[in-house]
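For reference, the chains in residue letters:
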Amino acid sequence: MLQLYFSPMACSLASRIALMEAGLDARYHQVHLATKSVADGDGDFHEISSKGAVPVLVLENGERLTECAAVLQYIADLKPERGLAPRPGDVDRYRLQEWLSFVGTEIHKAFLFPTFWYKDDGSLAKPRARIVQTLSVPAAHLKDREFLVGDRFTVADAHLAWALLLLRPAGVDVKQWPTLAAYLERMQARPAVREAIATEAALRKTVAA
Ligand SMILES: N[C@@H](CCC(=O)N[C@@H](CS)C(=O)NCC(=O)O)C(=O)O
């Protein structure tokens, strides 16, 4: 069975959403990122991945895959009939990679990561200013589209929906982009997305308690 190392509401949530949208069972291992420990294992998360970051997907053959973009596409390709990624060779497959890269670098690493990991000593002013311009890109793209790529839900939507969910705790109101607010609502109305978020939000509360 596939196994996913995750931390509640971290970027690994997109992988949980993808697994659920694909209808794939997995064993989930919760990681405490601050201490790099695995809740149900022998403890040291660095023994699972030298990167010390989630997601880590353990494949059926025991290989480990990291990086949201790779993990999400791998999951999508396990169940091509679900249409979670366009087929390789289709130009939309590269559109999908374009969005996965954009979310992972321009939104996650440029804004969410520093906001959650570093103290605001003034150094967050530039990322905060830039995120407004960054988010105007998917906002414009989604003006008359339901999904990021093509006309159906893909793993790129799982990735963006996760990033948008974290805007509020990061102090940014998604409502300033009505198309993004409406998109996030649509994504959250999907049963798999709703269930994945509810599961991790509950775990997050337990961790915080
Ligand atoms: N480039 C990686 C970034 C993964 C990442 O930064 N994950 C965060 C959680 S959202 C993490 O585990 N951070 C812990 C750390 O970097 O120490 C990816 O796209 O998967």
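Residues numbered from 1 in each chain as written. Predicted model: local features only at pLDDT ≥ 70, side-chain atom pairs only at ≥ 80, totals over all residues. Heavy atoms only, no water.

### Some words on the domain arrangement of the chain
Inference 1: Domains assigned within the chain are domain 1 (2-83) and domain 2 (91-191).
Inference 2: The distance between the C-alpha centroids of domain 1 and domain 2 comes to 21 Å.
Inference 3: With 18 residues of domain 1 at the interface, the matching set in domain 2 holds 16 residues.
Inference 4: Across the domain 1 to domain 2 interface the summed buried area is about 1400 Å²; carbon plus sulfur atoms make up 66%.
Inference 5: Inspection of the domain 1/domain 2 interface yields 7 residue pairs in polar contact (both at pLDDT 80 or more). (Domains from an automatic or database assignment. Contact = heavy atoms within 4.5 Å. Buried area = accessible area lost by both parts, 1.4 Å probe. Polar contact = N/O pair within 3.5 Å; in protein donor to acceptor, adjacent residues only side chain to side chain.)

### What to know about the site of the ligand
Inference 1: Lining the immediate surroundings of the ligand are 14 residues, of which Lys36, Val54, Glu67, Cys68 and Lys109 lie closest.
Inference 2: Within the side chain of Lys36, one N or O atom sits 2.5 Å away from an oxygen atom of the ligand.
Inference 3: Val54 is positioned with one of its backbone polar atoms (N or O) 2.9 Å from a nitrogen atom of the ligand.
Inference 4: Burial of the ligand by the protein amounts to 83% of the accessible area it has alone, namely 500 Å².
Inference 5: With respect to the detected pockets, the ligand is housed in the largest pocket.
Inference 6: Among the elements that line the shell around the ligand, the one with the most residues is helix α3 (residues 91-117), at 4 residues.
Inference 7: Across the shell around the ligand, the residue classes tally to 9 nonpolar, 2 polar and 3 charged. (Near = heavy atom within 4 Å. Areas by Shrake-Rupley, 256 points an atom, 1.4 Å probe, with all protein chains shown as cover. 1 Å grid on protein atoms, 1.4 Å probe; cavity = no way out; pocket = protein on both sides within 12 Å on 5 of 7 lines; lining within 4 Å. Sits in = over half its atoms within 2 Å of the grid points. Helix = DSSP H or I, 4+ residues; strand = E, 2+ residues; numbered from the N terminus. Nonpolar A, V, L, I, M, F, W, Y, C, P; charged D, E, K, R; others polar.)

### Considering the sheet that holds strand β1 (residues 2-6)
Inference 1: Taken in spatial order, the 5 strands line up as β3-β2-β1-β4-β5 in an open sheet, and their pairing is mixed. One side of each edge strand has no neighbouring strand; the edge strands of this open sheet are β3 (37-38) and β5 (64-66).
Inference 2: In this sheet, strand β2 (residues 26-32) lies alongside β1 in parallel orientation, the contact comprising 5 bridges. Bridging across to β2, Tyr5 finds its partner in His29.
Inference 3: Set on the sheet, helix α1 (residues 12-22) makes contact with β1 and β2; between it and β1 the angle comes to about 150°.
Inference 4: Of the strands in this sheet, β1, β4 (56-58) and β5 are in contact with helix α2 (residues 68-78), which crosses β5 at around 120°. (Pairing = 2+ DSSP bridges. Axes fitted to C-alpha atoms, helices over the stretch in contact; angles between N-to-C directions.)

### Here's the deal with unusual backbone geometry
Inference 1: Cis geometry is adopted by the peptide bond preceding Pro55, which originates at Val54 and carries an omega value of 5°.
Inference 2: Along the chain, Pro55 falls in the loop between β3 and β4.
Inference 3: One non-glycine residue, Met9, lies in the positive phi region at around 70°.
Inference 4: The backbone of Lys36 shows a phi angle near 55°, a positive value even though the residue is not glycine.
Inference 5: Looking at the secondary structure, you find Lys36 in the loop between β2 and β3.
Inference 6: On the basis of relative accessibility, which here comes to 22%, the residue Lys36 falls in the partly exposed class. (Buried < 20%, exposed > 50% of the residue type's maximum accessible area, 1.4 Å probe, protein only.)

### Some words on the packing of helix α5 (residues 155-165) against helix α6 (residues 178-188)
Inference 1: Where α5 contacts α6, the axes come no closer than 10 Å and their chain directions differ by 115°. One finds that α5 runs roughly perpendicular with respect to α6. Where α5 crosses over α6, the two elements pack in a sense that is left-handed. Along the contact surface, α5 presents Asp157, Leu160, Ala161, Leu164 and Leu165, while α6 presents Leu180, Tyr183, Leu184, Met187 and Gln188. (Parallel < 35°, antiparallel > 145°, perpendicular 65-115°, else oblique. Left-handed = near helix turned anticlockwise from the far one by under 90°.)

### Considering the layout of surface pockets
One way to see where empty space is left: roll a probe the size of a water molecule over the atoms.
Inference 1: One number sums up the size of the largest pocket: a volume of about 1000 Å³.
Inference 2: Taken together, 39 residues form the lining of the largest pocket, with Ala10, Cys11, Leu33, His108 and Trp117 sitting closest to its centre.
Inference 3: The dominant element in the lining of the largest pocket, judged by the number of residues it contributes, is α3, at 11 residues.
Inference 4: The class makeup of the residues in the lining of the largest pocket is 22 nonpolar, 12 polar and 5 charged.
Inference 5: Here the lining of the largest pocket spans two domains, and each of domain 1 (2-83) and domain 2 (91-191) adds at least three residues to it.
Inference 6: Each pocket or cavity is described by its volume, and for the second largest pocket that value is around 410 Å³.
Inference 7: Along the wall of the second largest pocket there are 16 residues; nearest its centre are Leu165, Arg168, Val174, Leu184 and Gln188.
Inference 8: Those elements giving two or more residues to the lining of the second largest pocket turn out to be α5 and α6. (Points joined across faces, edges and corners; volume = space filled by probe spheres on them.)

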